[in-house]
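# Summary of structural features
Listed below, chain by chain, are the residues.
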Amino acid sequence: MSHKRIPKRKAAIAVGGVAALGAAALLLPQANASQDGGARGGASTARTLKADDADDLAARLSKLLGDAFAGSYYDSANRQLVVNVTDVSGDNNVIVQAKKVGAEVRQVDNSTAELQAAARTLRTKATIPGTAWAVDPRTNKILVTADSTVTGTRWDRLASTVDGLGSGMATIKKSAGTFKTFVSGGDAIFGGGARCSLGFNVTAGDGSPAFLTAGHCGVAAEQWSDAQNGAPIATVDQATFPGNGDFALVKYDDPNTQAPSDVNVGGGQSVQILRAAEATVGQQVFRMGSTTGLHDGQVLGLDATVNYPEGTVTGLIQTDVCAEPGDSGGSLFTQDGGAVGLTSGGSGDCTSGGETFFQPVTTALAATGATLGGAGAGGGQQAGDGQQAGGGQQAGGGQQAGGDQQAGDGQQAGDGQQAGGDQIGGGQEAGAGDGSDGSGAADDPSGADASNGQAPGTGHASGTGNAGRSGRSGLTDTH
């Protein structure tokens, strides 16, 4: 996420490298930005959709189907929305309605109310550090994950609770890593000996320029700099962690700061951020962080609960995107410019993989009163007709770069055009950055390894290097 103050320094690329992801490293264009209305095989009325359209359709169908609605997910292979319904007592009218508007409908056993009740039981009986759970609409069950610290009596307690939910209600998955928060993301930010990542630039409720990052970063330090040992450039205004989220609003100290609404993905390229977007299970998403650069994956679950060593956090997005210390607070976004989440934490790394959880951007904006987009000198500034937004993508006629950003008349979000340039970091190594020091220093006495900044225990780890390193510094236990 580019957050440099343009009048006072060059708009430099803070994230110097992008991880080599093979074919997945490319931000490939969405095939047809809008519905094509085609039916497959004549018998099905399911329409091909891009993920954002599928999310909108799911919201409409949730209201239409009422109690029969049991969740939905995006089938990325067929580009279709799959909607779960419970027994509608022989009344197929709602199913007909759902199919008419373009969804693939399937009948399942567990209702939304039953799954929510099961999640409440887990919260009451199995709030154990190192555990997490989220509803997986693809299996119509709750996916419970336990990290490597959940053993012995704690594992017995968790397994017993899951068994008590009843057959077919939940499954348990073991994770090889440890759930932790990662303090070190888009562009690197530094505060109180910790390193985190900037998520998205926003306009605060009072009109001042600000940015969103992880709440565990916001509670770790009050003032933040964009350079190691540099002068502070921003001050925490609000922070939530643990509890009902993991997000912080940090205001730039200079009211004239230009805070562009884009994500810096390295290699001189950026992705223009056009709107806040809800996550959809099955959707492809991209994460940018100052430690590991650009990685992609899929959304696995929504409204996830994670029991970190520091406390329980609710309302998160569960994904299979990797992250490491220093990526905390960094941007989770879609190829066509949707701001989805802020990196919270998880387990594993970008070598072995693992689970990563994200704070939904929409919830953070609503809680802080902020709006997506730059402010100050850049607030409300129009990008201009046909202005280039990151090497090849046009910003669209009349698009606003600041708060309350508009998508622009007739702007093409995908449709064969690649967001932010022809390729986003295809094959570029994460270590191809500025070569700055990758050493880390733990800011928590719980025993994080100071030699490389990686947090092997329960504390936050703070890195000392800049973005684009291949070293694993500055990520706390949660990313």
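What comes next concerns the included structure. (Residues numbered from 1 in each chain as written. Predicted model: local features only at pLDDT ≥ 70, side-chain atom pairs only at ≥ 80, totals over all residues. Heavy atoms only, no water.)

## Quick notes on the sheet that holds strand 13 (residues 234-240)
Inclusion rule: Note: two strands are recorded as paired if DSSP finds a minimum of 2 bridges between them. The secondary structure listing takes helices from DSSP runs of H or I that are at least 4 residues long and strands from runs of E that are at least 2 residues long, numbered from the N terminus.
With antiparallel pairing, the six strands of this open sheet are ordered in space as 12-13-14-11-10-24. A strand with exactly one partner marks an edge of an open sheet, and here the two such strands are strand 12 (223-224) and strand 24 (371-372). Sheet topology note: the strand 10 (residues 200-203)/strand 24 ladder contains two bridges and is antiparallel. Paired with Val202 across the bridge in strand 24 is Leu372.

## Topic: the pairing of strand 20 (residues 311-319)
For clarity, the threshold we go by: A 1.4 Å probe rolled over the protein chains alone gives each residue an accessible area, and that area as a share of the maximum for its type sets the label: buried under 20%, exposed over 50%, partly exposed in between.
Buried residues dominate strand 20, accounting for eight of its nine residues. Here strand 19 (residues 293-308) folds back onto strand 20, and the loop between the two strands holds two residues. Two strands pair when backbone bridges link them, and strand 20 and strand 23 (residues 356-360) are joined in this way by three bridges, in the antiparallel orientation. Paired with Thr319 across the strands is Thr356, a residue of strand 23.

## A few points about the packing of aromatic side chains
To keep it simple, the criterion reads: Here the aromatic set is Phe, Tyr and Trp, taking the six-membered ring for Trp, and pairing holds for ring centres within 6.5 Å; pairs whose planes are under 30 degrees apart are stacked, those over 60 apart are edge-to-face, and all others are tilted.
Within this structure, the stated rule accounts for four aromatic pairs. Each ring, one from Phe241 and one from Tyr308, has its centre 6.2 Å from the other, and the planes form 40°; the classification is tilted. You can see Phe241 sitting in the loop between strand 13 and strand 14 (247-252) and its partner Tyr308 sitting in strand 19, a full 67 residues away along the chain. The pair Phe241 / Tyr308 is uniform in exposure class, with both members buried.

## Brief notes about the sheet that holds strand 2 (residues 80-85)
To keep things clear, this is the line we draw: Each axis is a line fitted through C-alpha atoms, taken for helices only over the stretch in contact, and angles between the N-to-C directions span 0 to 180 degrees.
Strand order across the open sheet formed by three strands is 1-2-3, with mixed pairing between neighbours. Either end of the sheet is taken by a strand with one partner, and the two such strands are strand 1 (69-75) and strand 3 (104-107). Neighbouring strand axes in the sheet, compared pairwise and without regard to direction, differ in orientation by 25° on average. The pairing of strand 1 with strand 2 spans five bridges and is antiparallel. Considered in strand 2, the bridge of Tyr73 is made with Val82.

Honestly, that's just the spatial picture; any functional story needs more than this.
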